[in-house]
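Descriptive analysis of the structure
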Amino acid sequence: MPERARKIRVSCVVNGGAASFEAYPMARLLDVLREELKLTGTKEGCGEGECGACSIEMDGALVNSCLVPALQAQGTKIRTIEGLAIGGSLHAVQQAFLTHGGAQCGICTPGMILAAANLLARYPQPDDAQIREGLSGNLCRCTGYMKIFESVVAAVRRAETRA
Amino acid sequence: METRVIGKSVPRKEGRKKVTGRARYVDDLSFPGMLHGVTVRSPAARGRIRAIRFEGEIPWHEFTVVTAKDIPGKNCIALLIEDQPCLAAEFVNHPEEAIVLLAHHDKYLLEEARRAVRIEIEPLPAIFSIEDSRARKEIIWGQDNIFKSFCVDKGDVDGAWASAAFVVEGRYETGAQEQLYIEPQGMIAQVSEAEGVTVWGSLQCPHYVHKALMVLFGLPRERIRVVQTETGGGFGGKEEYPSMIAAHAALLARKSGRPVKIIYDRAEDMVATTKRHPSRTRHVTALSRDGRLLAMDIDFTVDGGAYETLSPVVLSRGTIHAAGPYACPNVRIRSRAVATNAPPHGAFRGFGAPQSVFALERHLDRVAEAVGIAPDELRRRNFIREGQTLAVGQVVKEKVDMNGLMERAFALSGYHAKRKKFAAANSDPRGAIKKGIGFASFLHGAGFTGSGEEYLASEVAMEAMADGTVHILAGSTEMGQGTNTIFAQIAAEALRLDCEQIKIIQPDTAYVANSGPTVASRTAMIVGKLVETAGLGLLKSLTDGEFLQPGYTAADFSRACGEYVAKHGPLKTFVKYEHPRDLHWDDLKYSGDAYGAYAWAVYVAEVSVDIRTAEVRVNDFVAVQEVGKVINPVLAAGQIEGGVAQGIGFALYENVVWQEGRMVNAQMTNYVMPTSVDLPAIRVYFEEIPYGRGPAGAKGLGELPLDGTAPAIANAIAQATGVDVRQIPITAETLLEMLEGVHA
Ligand code: FES
Ligand code: FES
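Within every chain, residues take consecutive numbers counted from 1 along the sequence as written. Just so you know, chain letters begin at A and ligand numbers begin at 1, following the order they were written in. The predicted origin of the model limits local features to residues at a pLDDT of at least 70 and limits the giving and counting of side-chain atom pairs to 80 or more, whereas totals for whole chains, interfaces and linings rest on all residues. Here the side-chain values reflect all heavy atoms present in the structure, with hydrogen atoms and water set aside.

**Description of the domain arrangement of chain A**
All names here are of chain A. Throughout the structure description, domain borders are defined by an automatic or database domain assignment. Splitting chain A by domain gives domain 1 (8-83) and domain 2 (92-162). The C-alpha centroid of domain 2 is placed 21 Å from the C-alpha centroid of domain 1. Pairs of residues are marked as contacts when any of their non-hydrogen atoms sit within 4.5 Å. Contact residues are listed per partner, giving 15 residues for domain 1 and twelve residues for domain 2. When two components associate, each loses some accessible surface as probed by a 1.4 Å sphere; the sum of these losses over both components is called the buried area. Each partner contributes to the roughly 1100 Å² buried at the junction of domain 1 and domain 2, and carbon and sulfur atoms together form 59% of this total. Within this document, salt bridges are pairs made up of a side-chain nitrogen of Lys or Arg and a carboxyl oxygen of Asp or Glu, the two lying within 4 Å of each other. Scanning the region where domain 1 abuts domain 2 turns up zero salt bridges. Residues adjacent in sequence count toward polar contacts only when both atoms are side-chain atoms; beyond that, a polar contact is any pair of N or O atoms within 3.5 Å, and within protein one must be able to donate a hydrogen and the other to accept it. For the pair domain 1 and domain 2, the number of links is six residue pairs in polar contact (both at pLDDT 80 or more). Of all the secondary-structure elements, those providing two or more residues to the side of domain 1 that touches domain 2 are strand 3 (55-58) and strand 4 (61-64). Note on conventions: DSSP H or I runs of at least 4 residues are helices, E runs of at least 2 residues are strands, and numbering of each starts at the N terminus.

**Considerations on the sheet that holds strand 2 (residues 47-54) of chain B**
All names here are of chain B. With antiparallel pairing, the three strands of this open sheet are ordered in space as 4-2-6. The strands lining the two open edges of the sheet, one partner per strand, are strand 4 (91-92) and strand 6 (117-123). Two strands are said to pair when DSSP picks up at least two bridges between them. Across two bridges, strand 2 lies against strand 4 in antiparallel orientation. Pairing of Gly-47 across the sheet is with Val-92, part of strand 4.

**A look at the interface of chain B and chain A**
Residue-level contacts link 57 residues of chain B with 47 residues of chain A. Summed over both sides, the interface of chain B with chain A buries roughly 4100 Å², with 55% coming from carbon and sulfur. For chain B, the biggest contributors to the area lost against chain A are Val-19, Ile-182 and Ser-676 of chain B; these three give 17% of the whole. One can count six salt bridges joining chain B with chain A. A salt bridge links Arg-34 of chain A to Asp-28 of chain B; its shortest N-O distance comes to 2.8 Å.

**Quick look at a nonpolar patch on the surface**
Together, Ile-8, Met-26 and Leu-71 of chain A give the surface a local cluster of nonpolar side chains, amounting to about 280 Å² of exposed area. Mapped onto the fold, Leu-71 of chain A is located in the loop between strand 4 and strand 5 (77-79). Here, patches come from residues exposed beyond 30% relative accessible area and free of salt bridges, joined within 9 Å for like charges and within 5 Å for nonpolar side chains (Val, Leu, Ile, Met, Phe, Trp, Tyr). What sets the accessible areas is the Shrake-Rupley method with a 1.4 Å probe; for residues, cover comes only from the shown protein chains.

**Some points on the pairing of strand 14 (residues 293-305) of chain B**
All names here are of chain B. When a residue's accessible area, from a 1.4 Å probe over protein chains only, is under 20% of the maximum for its type it is buried; when over 50% it is exposed; and in between it is partly exposed. Among the 13 residues of strand 14, twelve are classified as buried, and the element is accordingly described as predominantly covered. Pairing between strand 13 (residues 279-287) and strand 14: nine bridges, direction antiparallel. Counted as the bridge partner of Ala-286 is Ala-295 from strand 14. In this structure, the hairpin formed by strand 13 and strand 14 is closed by a connection of five residues, where Gly-291 is found at a positive phi of approximately 80 degrees. With ten bridges connecting them, strand 14 and strand 15 (residues 330-339) associate as parallel partners. Opposite Val-302, over in strand 15, you have Ala-337 as the bridge partner.

**Here's the deal with the pairing of strand 23 (residues 597-610) of chain B**
Residue and element names in this part refer to chain B. Counting buried positions along strand 23 yields 14 of 14 residues, so the element is predominantly enclosed. Burial along strand 23 is two-sided: Ala-597, Ala-599, Ala-601, Tyr-603, Ala-605, Val-607 and Val-609 facing one way and Tyr-598, Trp-600, Val-602, Val-604, Glu-606, Ser-608 and Asp-610 facing the other are all buried. Summarising the sheet, strand 16 (residues 433-446) and strand 23 pair through 14 bridges and their orientation is antiparallel. Its bridge partner lying in strand 23, Ser-441 is registered against Val-602. Of the strand pairs in this sheet, strand 23 and strand 24 (residues 615-626) are connected by eleven bridges, and their pairing is antiparallel. Along strand 24, the bridge assignment pairs Val-604 with Val-622.

**A few points about the sheet that holds strand 27 (residues 681-687) of chain B**
Residues and elements named next belong to chain B. Pairing is mixed in the open sheet, where four strands are placed in the order 16-23-24-27. The sheet terminates laterally at strand 16 and strand 27, the two strands that pair on one side only. Averaged over all neighbouring strand pairs, the angle between strand axes comes to 15 degrees, with direction disregarded. Angular values range over 0 to 180 degrees, each being the angle between N-to-C directions of two axes fitted as lines to C-alpha atoms, with helices fitted over their stretch in contact.

Structure below.
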């Protein structure tokens, strides 16, 4: 059995609250979130950075948590799907996915919703190409993406009428 | 008919859980003391197991190790027959066949241990192609490598050749396709003296798993319990294979005395689990001078892999759909599923039909060319109409208007104008981007084939609780396609309530009725009808007992339930499927009413091809279908859109690369499915002709979109490039080669 590194302590902010855990430096952030912090909303679809099911936000940027070593989380601000709804009220993107059929089996949905929310933070009025590009790192096998695009557009509209 | 909730896009029943990340999939569950399990698999395609060695510096005493010797009952995964072992004992028949199971609480150590198990196999000659299997280069299954064969015979095909003005021949191939649900397969098992065997997992058919575990453990029905967890996509891939993982997890749990979780990683899921059957089809078609079909002689073969699993039924559906929605007096379809030394191919949305429909619809474009008429004109002259007979001898009793669907699809896609425009533009030799528009017209039968539904005899239970909540108890599973939501809508409609008052009980064989497998586009139409009937039955109990008067409110209903329960005890109904008496099927002759109803469709695809790189883009896609009454427009359109996307993958991108029976590109990086930037706008339209026997008039639609998408694209590419497309996937590499032939 090869020599293993020793566990390190990592402190970061997860969904607005302070979090601290012990992990092997090269443990995947995905596993830490799911197993140590019990945030199982983040999913694993491929474990190699292709599917985006494990997408989370780290300091505002969308990353595949299956590719992020735990030690890189030190001092960062992390947002997972569990941190999106405020109190009982859904984020505009979540509400839109619910109303417009953006989620079918739901396994890509947490990552997809974070990708969409991240996109809207960067481009509040995305055009079709920006939506497609912005979500291209997140695979969905169920929807054919059409209802996901519609959901994003609906979330933009909702944000507009609110503003 | 005025409806309350049918035909409305009520939001997905479990949607809130899914958008907030609270939906619990199998890998999200954890039990105290739980171990993880892994599978050690065959390195060889075929051979005799010589030795199993546990090497390396692994603390083997800490591990639970299971081999075939640890199986208490029969070493098989019982399905149609019992030919597939749960763990190979003496021989292996395909790469990655399971041989040893290991469990340990440390996942990382477990992975090292898996790599330290040496399995020595004395190789035996293996076969890897349909051709070699049919030539019987080796006999690897039964007497002749044939799992099943069918012969459909209508009229007199051989008598038709002489009078034909045209005879057109063609051979077509389709490749394997990976289901690629984004949630890999997984299962947790617990075994105890007191409770028997319980498994929780990602699966489509709880009662299939239940049956397999009964046989494997030699236990009676009530000692096995199967619970479906939230399932992250199935598409057929979680129809039969979950029985295997459940069996493995349960064996480890039994031996270790602890709960055991097995989750496949993506690579293992891709190399070890089922895929769509590769196929070969040969058509010989006779036509009159004016382009009427005189005879269709069809030969259809699918590669079943190493064990029978579901190949006979996949073959059956592929066979029945092989002659399409056309009226032809003489049809012969000979078909067979053959064995090769690859992991068994299995259920995948469409279930044999996408293979045979691809061949037919591509062939008919070639036939039209040979006859000298337009492809749509050929279809128009031969479309089946009400009162005519399909190839299997079924008289069509539905109001079918294929021509109407085709005209609508053409109007929506601008087919005729584009076809002309593209033909003119493509003839300019300077243009590197060629365009094409093509279509496919097709049908898809809903429900189990022939007498299948009669044998299944599905049941649904429904219970009204004292507080007025109505529970639906059925084994039909939600895997994203919308079962929960449409069942709630159907029940709410029957009971005149809102969907919120209906609760779908999690499929759990200890509690729910066996409503049959969630496959074959049968859930809305067949099981949905049982839900409707159960709802009406409950209502009758309440009104007959005068607990409830017409014109009631939701509050009245709840009060009535409370009073009923107080007086009589539980208010529960069971409904069992009754096969319509006028549907007849002859299993021996393979003829009769193959399906209670069909969905009918015409799909149009527009493509552009860069002939320098052979890159194909689908620019527009119009899907017009008649599926009876649409229960939930958003969910129904979502089904079609997702199916078309999978069909586009099947046609263009999804290429399983085989090496000696093993998938070598078992990663999402090199097995490519469509992303959000690859797809066109997929435009979906429904015609709604209520079907008398469906709930509120609904038919099945889940598999339909897989059938017509690939041939529509292939026909469009043929127009764009002049390439005579004969096989899918049409990857850039294969198209480039073919383009050299055309434009040399
Ligand atoms: S699991 Fe991380 S990208 Fe697929
Ligand atoms: S909803 Fe199933 S993978 Fe996207």
